[in-house]
Amino acid sequence: MLAVAAPRTTPAGWTLRAVVSAHAVAIAGQPVFAGMYLTGDYAGLSLHSAGADVVTSIGYLQVIVAIVVWVRLRQAWPFLATSAVVAAETVQYFAGLDGALWLHLPLGVTTVVAVVVQFIDVWRRPLLRQGAADA
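Residues numbered from 1 in each chain as written. Predicted model: local features only at pLDDT ≥ 70, side-chain atom pairs only at ≥ 80, totals over all residues. Heavy atoms only, no water.

Student: Explanation requested: the overall build of the protein in the structure shown.
Tutor: Within the protein, the secondary structure is distributed over 4 helices and 0 strands. Written out in order from the N terminus, the α and β elements of the protein read α-α-α-α. With the principal axes as the frame, the protein shows a C-alpha extent of 70 × 20 × 20 Å. In the protein, once contacts between residues fewer than 6 apart in sequence are set aside, the share between residues at least 24 apart is 71%. Carbon and sulfur atoms form 72% of the exposed surface of the protein, whose accessible area is close to 8100 Å². (Helix = DSSP H or I, 4+ residues; strand = E, 2+ residues; numbered from the N terminus. Contact = heavy atoms within 4.5 Å. Areas by Shrake-Rupley, 256 points an atom, 1.4 Å probe, with all protein chains shown as cover.)

Right under this line is the structure:
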């Protein structure tokens, strides 16, 4: 009787997990920094601004990693989900620069939730090459 090894996440999958995890940590700080500013601590605005640059940069890195996952693992969903989140983050970034808080705040809540959902999704099961579990 042969023992069958459990499916394991590939290096591309681990890289996606790492980047999505960094994205989740970075984006979680944004409401905190905004709250600092809104309660009168004006240093919070510069922290929020710097955090926006970090979150956006990690988002664009995540797009690249998601493309690698799509090519190597034949899974398009990480790219599609990441593209949607990064598009929303980009709109939100420029809305914040423009002072359009009517758009910036609700879109900020939406992007935080979306990144947390992505975090849960990439950690809930192994990231394998499509069809590898069936082989």
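Further notes follow.
Student: Teacher, can you tell me more about the nonpolar core here?
Tutor: As a rule of thumb, soluble globular proteins bury nonpolar side chains together. Ranked by internal contacts, the top residues of the largest apolar core, which has 16 residues, are L16, V65, V69, L73, V115, V122 and L127. Broken down by element, the residue count for this core peaks at 7 residues, all from helix α1 (residues 11-38). (Core = buried A, V, L, I, M, F, W, Y, C linked by side-chain atoms within 4.5 Å. Buried < 20%, exposed > 50% of the residue type's maximum accessible area, 1.4 Å probe, protein only.)

Student: Looking at this structure, I do not really get the layout of surface pockets. What am I missing?
Tutor: Over the atoms, a rolling probe the size of a water molecule traces out where space has been left empty. Quantified by volume, the largest pocket comes out at close to 640 Å³. Lining the largest pocket are 26 residues, and of these Q30, A34, H48, Q92 and H104 lie nearest its centre. At the level of elements, α1, α2 (43-73), α3 (77-98) and α4 (101-123) are the ones that each hand at least two residues to the lining of the largest pocket. A class-by-class count of the residues in the lining of the largest pocket yields 14 nonpolar, 10 polar and 2 charged. (1 Å grid on protein atoms, 1.4 Å probe; cavity = no way out; pocket = protein on both sides within 12 Å on 5 of 7 lines; lining within 4 Å. Points joined across faces, edges and corners; volume = space filled by probe spheres on them. Nonpolar A, V, L, I, M, F, W, Y, C, P; charged D, E, K, R; others polar.)

Student: I keep staring at α2 and nothing clicks. Help me out?
Tutor: Spacing of three or four residues puts side chains on the same side of an α-helix, whose turn is 3.6 residues. With 31 residues, α2 extends 43 Å from end C-alpha to end C-alpha; this agrees with the ideal 45 Å at 1.5 Å per step. Within two residues after α2, R74 carries a phi angle of roughly 60 degrees, on the positive side. (Expected span 1.5 Å × (residues − 1).)

Student: It is not clear to me how the environment of D98 should be interpreted in this structure. Could you clarify?
Tutor: Relative to the assigned elements, D98 resides in helix α3. It is 25 Å that separates the C-alpha atoms of D98 and Q62, two residues lying 36 residues apart in sequence.

Student: Teacher, can you tell me more about α4 here?
Tutor: Over its 23 residues, α4 extends 33 Å from the first C-alpha to the last, a length consistent with the 33 Å expected when each residue adds 1.5 Å. Looking at the packing, one finds that the buried side of α4 touches α1, α2 and α3.

Student: I would appreciate a short explanation of empty space enclosed by the protein in the present structure.
Tutor: One pass over the structure, following the stated rule, counts 1 cavity of 30 Å³ or more. Estimated volume of the largest cavity: approximately 30 Å³. L16, V20, Q62, W77, P78, T82, Q118 and V122 together form the lining of the largest cavity. Every element with two or more residues in the lining of the largest cavity is listed here: α1, α3 and α4. A class-by-class count of the residues in the lining of the largest cavity yields 5 nonpolar, 3 polar and no charged.

Student: Is there a simple way to explain the packing of aromatic side chains in this structure?
Tutor: Aromatic ring pairs are described here by two measures, namely the spacing of the ring centres and the angle between the planes. If you walk through the whole model with that rule in mind, you get 5 aromatic pairs. Measuring from centroid to centroid gives 5.9 Å for Y37 and Y42, while their planes differ by 70 degrees, and the two rings are edge-to-face. Classification of Y37 as partly exposed rests on a relative accessible area of 31%. Through pairs of rings, three or more aromatic residues link up here, namely W14, F119 and W123. Against the face of W14 rests R17, its NZ or CZ located 4.7 Å from the ring centre. (Phe/Tyr/Trp six-rings, centres within 6.5 Å; stacked < 30°, edge-to-face > 60°. Lys NZ or Arg CZ within 6 Å of the ring centre and 35° of its normal.)

The analysis is restricted to geometry; functional conclusions fall outside its scope.
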